[in-house]
Amino acid sequence: MDPSLSPVSIHYAIKKETWRRTVVLSFQSLGIVYGRLSTTPLYAFGSIDPSNIKSGEQIYELFSFVFWTLTTIPLLKYAFIVLKADDNGEGGTFALYSLLCRHANVGLLPSDVSATELMHQEEETPTKMKVESRERRYKSSHYLLLLLALIGSCLIICDGIFTPALLVLSATSNLRRSLSQLAPRFTSSEKARQSVDKYLKKYIPVPVACAILICLFLLQRYGTNRIGVIFAPIVIVWLMFICGFGLYNIVHHPQILWAISPTYMFRFIKKIDVTSWKLLSSTALYIAGSEAMFADLGHFSKRSIKVTFVFLVYPALVLCYAGQAAFFSKHLGTSDDDAHLSESVTHRQLNHIFNILSLFASLVGSQATITASFSIINQCQALACFPRVKVIHTSEKVRGQVYVPDANWMLMVLSLSILIGFHDISVIANATGLAVICGMLVTTCLMSQIIALQWEKTVAFLSVLFLLFFGSIEALYLSSCFLNFTKGAWCVIVLSLIFMTIMVSWHYGTIKKYEFDIENKVTVDWLTDLSPGLGVSRVSGIGFIHSNIVTGIPAFFSHFITNLPAFHQVLILLSFKSLPVPYIPKNERYLIGRIGHKEYKIYRCIVRYGYRDHVRDVNDFEDQIISSVGEFIAREERHHEASVLQEGRMIILGTNGNALVPFVEQSESGQQVTDIENPTTTITSTRRKKIRFMLPASSPKMNPLVRKELQELVDARESGTAYFLGHSHLKVRKGTNFVKQFLVMAYAFLDRNCREPPIALDIPHAALLEVGMVYTI
């Protein structure tokens, strides 16, 4: 739990999940999480080249691999082990990396102690301290873990590109075959039927798939909740349909049940060769979508995902694959498309219904990988490993339900390019299989580290056991996927390298900028000691200084003072902190502290907001900050906290019966308002927004020094406000090697072309002062 959360805020973050809520989330998860895993029967067998199948017995052996892989990876690994390693409800490779950063101190961002952490200091256990001291010795392991997290994230994004193209193309290919079967009803000429079939092959699969993909990506803006409600019934009908036909084929060919025995796998390995080894690459496609169970965790809950898989998805898939394998083992080589699922639906009328249903199911299956991509990009951006993009939280109840418009259009363009460029199911399937199995292997490596570092030596051998058991299975399939490198799998490597370059350069640039800010921040003593020598003057008004750091004065402001020796009568250093809760109550939103002695009139304010708070929509945001500073001044004196409030020690503001009550009043000409200097008199003000303070009747008499400081704050507000923002220009130090130069250049390019930094209020242009500064790194 974030240490900055107060007990009231924790109420927003933690709510016990009821079974009613579990049922609702389980229903929605069918349309989001399991859409991909449920639709793997569409293309898994279809990706196998029929010429590589030697006999029906070999299909039995392949089904044995499918059954035990489906049981081992999605059921055992993900549903019962990996789902336990969530990061405050978030899943995915970056959630595992975030856990390692927080619990084992392997993060590469410099640590800047926040005020909230100083207020709620955690007690470190001896175990945690031992883990940290051990990990600090091996800096290279930190880079390796970050590299693994970035690779896993890139592979999930690649999966979000290839899977929609593969699923939709598989469904439209089934539709084309269905239309071809109807052709003999309208023509008796063989030549005409061939002409119709040629026309359908040219104009149905790819063009229709492109149109469907565009519609799918346009739907994303409606959010996970609405899409899940729409898509879930489709998945339920789809699972019942394929489960029913699986049972039908098992009844007619019950011998397939013997293939559950692991002895069939040993038979396959005994007579292995290059051709049969390639067949194992298709086995990775049978578990494609398993990673979404963990990556989409933030959209739902662990219990809902586990219950849905164990009691519905897993039994339906096992029955479907068993029936499909039983049918193809007895009808091997009877048609050109004998490996497609639609061929196992022997009833012609139901086959047409199946093809239409598979079209809708392909949309649902694509949704799971798109949603997982949104979650991963959101996590990468939060850990400074992805350029700034707009993230829209579509749910007030589930924090992880996000929509990323920029990523949505990027995925759409790339997915359409893959579909049009390859237009071949087997080629796209090869690329998808490599992306899927590599992503799973990365999760296995990071999860083994989580087990070792969190459970420590008592059960450390489980970490090695977990890595060897699951890693060896996934490495087996990875080796077979690389045999198809020249047949489409190369595209995954190219796209991953592009995404890796973007993420690494952004992370490197962010680290260097942050290190520069930390190393070059100055103390308030420097500011006040320098003032007499430079002839610095204090001008009337309030200056808001926006800063990413929460201790010290940012370097850009000291750069400004050195060149223009003047600053405002009152300075407020303003920082923003996002918390993993939907809303922050107004009485807990601001943390106020003082910097230096009272006569300096320099304050620090940290604004805390939840992921559903719209701070930018608050018109009186500036007045709320000033009112909070006024409340801080009164509370500081009453509690005698001035002597103990050092730099970084702050007060969470709230309502208190004996506290100073600030309020904002829009005073009109001739309207009477209470003056803080003399509560018994009234003054007439001009037409403008002003700050006034009142004391409750039961409060003791106000200290004259406090009254004076409050009045000075009011006078400064009425004199006007100015906003200082830092604008950095990165410059590479001479003698820097080519790799670092390239990373800095890439970061500078991305920084110029991505979204502007999110500032939580609309700054009037007339009051904005942007200070440029060169960062030499």
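Now for a look at the structure at hand. (Residues numbered from 1 in each chain as written. Predicted model: local features only at pLDDT ≥ 70, side-chain atom pairs only at ≥ 80, totals over all residues. Heavy atoms only, no water.)

**Quick look at the nonpolar core**
Of all hydrophobic cores here, the largest spans 155 residues; its most connected members are Phe162, Ile256 and Phe309. Tyr590, Ile625, Phe632 and Ala716 belong to the second largest nonpolar core, which has 26 residues in total. (Core = buried A, V, L, I, M, F, W, Y, C linked by side-chain atoms within 4.5 Å. Buried < 20%, exposed > 50% of the residue type's maximum accessible area, 1.4 Å probe, protein only.)

**Some words on helix α4 (residues 56-80)**
The first and last C-alpha atoms of α4 sit 34 Å apart over 25 residues, in line with the 36 Å expected at 1.5 Å per residue. For α4, the tally of buried residues reaches 21 of 25 residues, placing the bulk of the element in the interior. (Helix = DSSP H or I, 4+ residues; strand = E, 2+ residues; numbered from the N terminus. Expected span 1.5 Å × (residues − 1).)

**Let's talk about the state of the cysteines**
Within this structure, the stated rule accounts for 0 disulfides. Lacking any disulfide linkage, Cys243 is separated from the closest cysteine sulfur, that of Cys320, by 8.3 Å. With no disulfide of its own, Cys491 lies 7.9 Å from the sulfur of Cys158, the closest cysteine sulfur. You can call Cys491 buried: its relative accessible area is 8%. (Disulfide = S-S within 2.5 Å.)

**Structural notes on the packing of α4 against helix α16 (residues 302-330)**
Running from N to C, α4 and α16 point in directions that differ by 170°, and their axes come no closer than 9 Å. Of the possible angle classes, the one that applies to α4 and α16 is roughly antiparallel. Every residue of α16 that contacts α4 at Gly56, Ile59, Tyr60, Phe63, Val66, Phe67, Leu70, Thr71, Pro74, Leu75, Ala79 and Phe80 is listed here: Lys306, Phe309, Val310, Tyr314, Leu317, Val318, Tyr321, Ala322, Ala325, Phe328, Ser329 and Lys330. Of the residues contributing to the contact of α4 with α16, the split by class is 19 nonpolar, 3 polar and 2 charged. (Axes fitted to C-alpha atoms, helices over the stretch in contact; angles between N-to-C directions. Parallel < 35°, antiparallel > 145°, perpendicular 65-115°, else oblique. Contact = heavy atoms within 4.5 Å. Nonpolar A, V, L, I, M, F, W, Y, C, P; charged D, E, K, R; others polar.)

**Some thoughts on helix α26 (residues 738-753)**
Across its 16 residues, α26 extends 23 Å between first and last C-alpha, which sits within 8% of the 22 Å expected from 1.5 Å per residue. Residues of α26 that are buried: Leu743, Val744, Ala746, Tyr747, Leu750 and Asp751. Looking down the long axis of α26, one finds its buried residues gathered within 165° of arc, a one-sided arrangement. In this structure, α26 carries Phe738, Met745, Arg752 and Asn753 as exposed residues pointing more than 90 degrees from its buried face. Here the buried face of α26 lies against α21 (490-520) and β12 (721-731). The backbone nitrogen of Val739 lies 3.2 Å from a side-chain oxygen of the residue at the head of α26, namely Asn737. (Arc of directions from axis to C-beta. Polar contact = N/O pair within 3.5 Å; in protein donor to acceptor, adjacent residues only side chain to side chain.)

**Notes on the packing of aromatic side chains**
What the rule picks out here adds up to 22 aromatic pairs. Summarising the aromatic geometry, the rings of Phe374 and Tyr403 are spaced 5.8 Å apart at their centres and angled 75° between planes, so their arrangement reads as edge-to-face. Separated by 29 residues along the polypeptide, Phe374 in helix α17 (residues 348-382) and Tyr403 in strand β2 (residues 402-403) bring together distant segments of the chain. Where Phe557 meets Phe560, the ring centres are 6.0 Å apart and the plane angle is 25°; that geometry is what we call stacked. Remark: Phe560 and Phe557 occur in helix α23 (residues 555-563); sequence separation between them is 3 residues, near one turn of the helix. On the basis of relative accessible area, Phe557 is assigned to the buried category, the value being 1%. Taken together through their ring pairs, the aromatic side chains of Phe557, Phe560, Phe567 and Phe724 make up a single cluster. In this structure, Arg267 packs its charged tip against the face of Tyr264, placed 4.5 Å from the ring centre. (Phe/Tyr/Trp six-rings, centres within 6.5 Å; stacked < 30°, edge-to-face > 60°. Lys NZ or Arg CZ within 6 Å of the ring centre and 35° of its normal.)

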